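# A closer look at the structure
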Amino acid sequence: MDQWDDMRVFLAVARAESLSRAAPRLRMDAATVGRRIARLEARVGACFVKSPQGYALTDLGARMLPAAEAAEAALGQVAEAAEAQTGQLSGQIRIGAPDGAANYLLPQVCARIGAENPGLEIQILALPRVVNLSKREADMALTVSRPDAGRLLVQKITDYRLHLAAEAQIAAKITTRADLKDVPFVGYIPDMIFDKELDYLGPLAAGGVQLASNSVAVQAMALRAGAGVGIVHDFALPAMPEVRRVLTEEVSLVRSFYLVRHLSDRKSERLTRFAEAVSAGLRAEVARLEGAIP
């Protein structure tokens, strides 16, 4: 078991290419991860080349990687067999998502899944960028564009809607597009828009964004504080009682969520069951929240 535990640490560092990035997934501090890698290398030889850029696999490490992944998959099959006896999911599953979904949808969805599977630990990874599944940053991820590269399983989950919105007193003054010229815009930092589907404002904010953040949650708080007008997910509006939609007939966007998994996980019944539960939960939650808008 000690040898497998060392392989688990080896896999985490190989995927993260860094002790500090591997440490949280392993529930260790970076110094402990470093000691574990040193212990492994003392036994088998140098697995990594260390540099200021991080940890890269040596030839030996590259040869070890497929065997370590096969051992990981075999242990996963054992866990799935145990789960089949109870009918419940267990262990740890990490799902990555853009922070709109991570803040306003996944907590409710995952809470319900967790209540039905008390042995399951769910981790929600909220990132202002695309989650790297090939490096196992997560077991699966939500995206707003269908990936067109990589060995991936991609499933469309649901459409969702977005509209211009502002704090109620500001919203009351916006009745035509011409009224927008007197109101500051809140939106994404332009050079940090990591997916073309998130470039919501376009020509609406031709004069620039006066208050910008790479976080949907920060943008939402700014709108609630009366900072201006911006594009808001309809499913987020029930959590923003101070905010009202404006120009709904003129400015209405539709986007989609996709669930993405690594192709090598296609035979994992455990991940498939979790993916199905998340997908069904997201469809229901988007419908519920969008339906709650007056």
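Data block above holds the structure.
Throughout what follows, the structure given in this document is the object of discussion. Values in this document were obtained by computation on a predicted structure and should not be read as measured data. (Residues numbered from 1 in each chain as written. Predicted model: local features only at pLDDT ≥ 70, side-chain atom pairs only at ≥ 80, totals over all residues. Heavy atoms only, no water.)

With that settled, the discussion passes to the overall build of the chain. A tally of regular secondary structure across the chain gives 9 helices and 11 strands. Dimensions along the principal axes, computed over C-alpha positions, put the chain at roughly 70 × 45 × 30 Å. Taken over 294 residues, the chain has a buried fraction of 46%. Of the contacts formed within the chain by residues at least 6 apart in sequence, a portion of 75% connects residues at least 24 apart. For the chain, the exposed area adds up to about 14,600 Å²; of that, 54% sits on carbon and sulfur atoms. Side chains of the chain give 35 positive and 34 negative charges; the mean places of these two sets differ by 3 Å. (Helix = DSSP H or I, 4+ residues; strand = E, 2+ residues; numbered from the N terminus. Buried < 20%, exposed > 50% of the residue type's maximum accessible area, 1.4 Å probe, protein only. Contact = heavy atoms within 4.5 Å. Areas by Shrake-Rupley, 256 points an atom, 1.4 Å probe, with all protein chains shown as cover. Lys, Arg positive; Asp, Glu negative; His and termini not counted. Charge placed at Lys NZ, Arg CZ, Asp CG, Glu CD.)

This paragraph deals with empty space enclosed by the protein. To find the voids left in a structure, one rolls a probe of water-molecule size over its atoms. Applying the stated criterion across every chain, the model contains 4 cavities of 30 Å³ or more. Approximately 80 Å³ is the volume attributed to the largest cavity. If you go around the largest cavity, the residues you meet are Ala97, Pro98, Leu127, Arg129, Val130, Val131, Leu142, Thr143, Val144, Phe194 and Asp195. Looking at side-chain class alone, the lining of the largest cavity contains 8 nonpolar, 1 polar and 2 charged residues. (1 Å grid on protein atoms, 1.4 Å probe; cavity = no way out; pocket = protein on both sides within 12 Å on 5 of 7 lines; lining within 4 Å. Points joined across faces, edges and corners; volume = space filled by probe spheres on them. Nonpolar A, V, L, I, M, F, W, Y, C, P; charged D, E, K, R; others polar.)

With 23 residues, helix α9 (residues 269-291) extends 33 Å between its outermost C-alpha atoms, agreeing within 8% with the 33 Å of an ideal straight helix rising 1.5 Å per residue. Every buried residue of α9 is listed here: Arg270, Leu271, Phe274, Ala275, Val278, Ser279, Gly281, Leu282, Glu285, Val286, Leu289 and Glu290. (Expected span 1.5 Å × (residues − 1).)

Given 3.6 residues to a turn, an α-helix orients residues that are three or four positions apart in the same direction. Along helix α6 (residues 106-116), the residues that are buried comprise Leu106, Val109, Cys110 and Ile113. One face of α6 carries all of its buried residues, which in axial projection span an arc of 90°. (Arc of directions from axis to C-beta.)

This part takes up the packing of aromatic side chains. Summed over the entire model, instances satisfying the criterion amount to 6 aromatic pairs. Arranged with centres 4.2 Å apart and planes meeting at 20°, the rings of Tyr160 and Phe257 form a pair that is stacked. In this pair, Tyr160 sits in strand β6 (residues 152-167) while Phe257 sits in strand β11 (residues 252-262), placing the two residues 97 residues apart along the sequence. Overall, the relative accessible area of 1% leaves Phe257 in the buried class. Ring plane angle 50° and centroid distance 6.2 Å describe the contact between Tyr188 and Tyr200, whose orientation is recorded as tilted. A residue pair is termed long-range when its members are at least 10 positions apart, and Tyr188 in the loop between β7 (186-187) and β8 (211-212) and Tyr200 in the loop between β7 and β8 qualify at 12 residues. Put simply, the rings of Phe10, Phe48 and Tyr55 touch in pairs and so form one group of aromatic residues. (Phe/Tyr/Trp six-rings, centres within 6.5 Å; stacked < 30°, edge-to-face > 60°.)

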